[in-house]
Each structure stands twice: as C-alpha cells, then as structure tokens.
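Overview (structure and organization)
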Amino acid sequence: MPVKNQKIMDFYQVAQQRDFTRQFQFRVSEIRVGGSPIFTQDDLVYLTTANLPARAINNVAVPYMGLQFNVPGAAQYPNSAGYAITFRSDQQSEIRRKVEDWQRLTFDDQSSTGAYRVMSNSRLTMDLLDAGFNTIRQYVLHGVYCQQVGEMTFNTTDAGTVVELPCTLAYQFWTRGIVQ
C-alpha cells in the first residue's frame, strides 16, 4: 500500500506547486483593425467566452519501398475560419453596433464595397492570467475579421437573463508571447 499512497502524495505535491488553470483566467485585451482599436477595455469586459487557438502540423505521407513514412509538413490553424467568441449584450447594444460596423468594413452589401482583404495590423490579443490575474502569456490572432454576427435571442417570458451576442471571427494565424 505505501506505493499507492506515495502516488497520491506525488499528485498532491505537484498540484500544490503548479495549481490548475481556471475557466475565468483569461481576458481579451485588444481587438484592432488596421491599427485602430475596435473595442475599448469597457467593451471587452463584456466578452465572456473565447478559446485559446489550436495549431497543428500537417502530416505528409512519404511511401518508400512498401513502407509509409510520416514527415512533418506546414502548420495549419484548426478553426481559424470559425473562431467563436461571446459577449454579454450591453443595454444600449453598443457592442452589437460595433461588431456590425466592423463586419460592414469588410464588406458592405448595400454598396458592394469594403476592405475584403487581409487587413494589416488586424488582430485580437488574449491574455492568459495567473491566480493573481497577472498576464503570464499572450496569444495574438493575426489578420482577424468578423465573419458572423450571431443571433440574439429575446424572450418576453424570461425572468431577466442577460442576453448574449455570439460572434464568429476568422484569422490567418496566431503567435504566442510571454510577458516578463
């Protein structure tokens, strides 16, 4: 039995040293388009859900003498064409207006105009936080644009639940930075 108890103690000691990341230990600190901020910190307080982005290395199969060799290929960014974020809706729907305006910057169907190209300095910056809410790492999505303004659901029989605004962004790639 001492071996089993030692493994439990090992887990407990490592857990005490490293702790665990919690769901709320993130914040989006910036969304910029063409170098200009789209949202202020006051707006970004309403952003409730986002994911750390994924990255994968493509596998390239190379057959040789009846064997299949696997070699690394280029990087790809899964879900970069459909990156979901969620805002709480503010009373005046200013956040929705800003998201709609941002989307119309990309393409305005009323005039068939827009900046439907990869915008320079267009990025979303997300901070990963420690237990004291200090930034320990940043993730930056580059070439970000608003792909979809989601539906907002209203219900007159509800007891007052806060309405959420789902949005889908797209981006080209992401980088990681360490805050010192």
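Please refer to the structure higher up on the page.
Cut-offs applied
- The numbers attached to residues start from 1 for each chain and follow its sequence in the written order.
- Totals for whole chains, interfaces and linings use all residues, but because this is a predicted model, local features are given only for residues with pLDDT of at least 70 and pairs of side-chain atoms are given and counted only at 80 or more.
- Computation of side-chain values covers all heavy atoms of the structure but excludes hydrogens and water.
- Helix and strand definitions here come from DSSP, where helices need a minimum of 4 consecutive H or I residues and strands a minimum of 2 consecutive E residues; each element is numbered from the N-terminal end.
- Values of the radius of gyration come from C-alpha atoms, whereas the globule rule sets the reference at 2.2 Å times the count of residues to the power 0.38.
- Only protein chains enter the accessibility calculation, which uses a 1.4 Å probe; a residue whose area is less than 20% of its type maximum is buried, one above 50% is exposed, and one in between is partly exposed.
- Any carboxyl oxygen of Asp or Glu within 4 Å of a side-chain nitrogen of Lys or Arg constitutes a salt bridge here.
- Only protein atoms enter the 1 Å grid used here, on which a cavity is any set of points holding a 1.4 Å probe that cannot leave and a pocket is any open set flanked by protein within 12 Å on both sides along at least five of seven lines; residues with an atom within 4 Å of a point are listed as lining.
- Grid points are joined across faces, edges and corners, and a volume is the space filled by probe spheres set on the points.
- Lys, Arg, Asp and Glu make up the charged group, whereas Ala, Val, Leu, Ile, Met, Phe, Trp, Tyr, Cys and Pro make up the nonpolar group; the residues left over, Gly among them, are polar.
- By definition, residues are in contact when any of their heavy atoms lie within 4.5 Å.
- Nonpolar core, defined: a set of buried Ala, Val, Leu, Ile, Met, Phe, Trp, Tyr and Cys residues in which side-chain atoms within 4.5 Å join the residues together.
- Expected span of a helix: the number of residues minus one, times 1.5 Å.
- Directions are taken from the helix axis to each C-beta atom, and the arc is the one they span.

Within the protein chain, the secondary structure is distributed over three helices and eleven strands. Each helix and strand of the protein chain, placed in order from N terminus to C terminus, yields the pattern α-β-β-α-β-β-β-β-α-β-β-β-β-β. Over its C-alpha atoms the protein chain spans a radius of gyration of 21 Å, topping by over 25% the 16 Å that the globule rule assigns to 180 residues. Residue burial in the protein chain is summarised as follows: out of 180 residues, 30% are buried.

Moving on to the pattern of salt bridges. In the structure shown here, the tally under the stated rule is eight salt bridges. A salt bridge links D127 to R27; the nearest nitrogen and oxygen atoms lie 3.2 Å apart. Within this pair, whereas D127 is found in strand 7 (residues 123-129), its partner R27 is found in strand 1 (residues 26-33), the two being separated by 100 residues in sequence. Judged by its relative accessible area of 4%, D127 falls in the buried class. Using a relative accessible area of 33% as the deciding quantity, one classes R27 as partly exposed. When the shortest N-O distance is used, the salt bridge between E30 and R123 registers 3.2 Å. With E30 in strand 1 and R123 in strand 7, this residue pair connects regions lying 93 residues apart in the sequence. Owing to a relative accessible area of 21%, E30 belongs among the partly exposed residues under this scheme.

Counted as a void, the largest pocket has a volume near 210 Å³. Forming the walls of the largest pocket are T21, R22, Q23, Q25, F26, T48, T49, A50, N51, L52, M126 and L128. Among the secondary structure elements, those contributing two or more residues to the lining of the largest pocket are strand 3 (47-49) and strand 7. Residues of the lining of the largest pocket, tallied by class, amount to five nonpolar, six polar and one charged.

The residue T106 is located in helix 3 (residues 94-106) in this model. In sequence terms T106 and A74 are 32 residues apart; their C-alpha atoms lie 28 Å from each other. The contact partners of T106, leaving out residues within four places of it in the chain, are G114, A115, Y116 and Y145.

Turning next to the nonpolar core. Judged by nonpolar contacts, the single largest core of 31 residues is most densely connected at F39, F87, V99 and W102. Contributions of two or more residues to this core are made by strand 1, strand 6 (83-88), helix 3, strand 7, strand 8 (135-142), strand 9 (145-149) and strand 10 (164-170). For this core, the element with the highest residue contribution is strand 1, accounting for four residues. When residues no more than four places from it in sequence are discounted, the contact partners of V99 are F39, F87, C146, V149, L165 and C167.

We now examine helix 3. When the terminal C-alpha atoms of helix 3 are compared, their 19 Å separation across 13 residues agrees well with the 18 Å that a helix rising 1.5 Å per residue should span. Turning to helix 3, its buried residues are I95, K98, V99, W102 and T106. Angular distribution of buried residues about the axis of helix 3 spans 100 degrees; they occupy a single face of the element. The elements touched by buried residues of helix 3 are strand 1, helix 2 (41-44), strand 6, strand 9 and strand 10.

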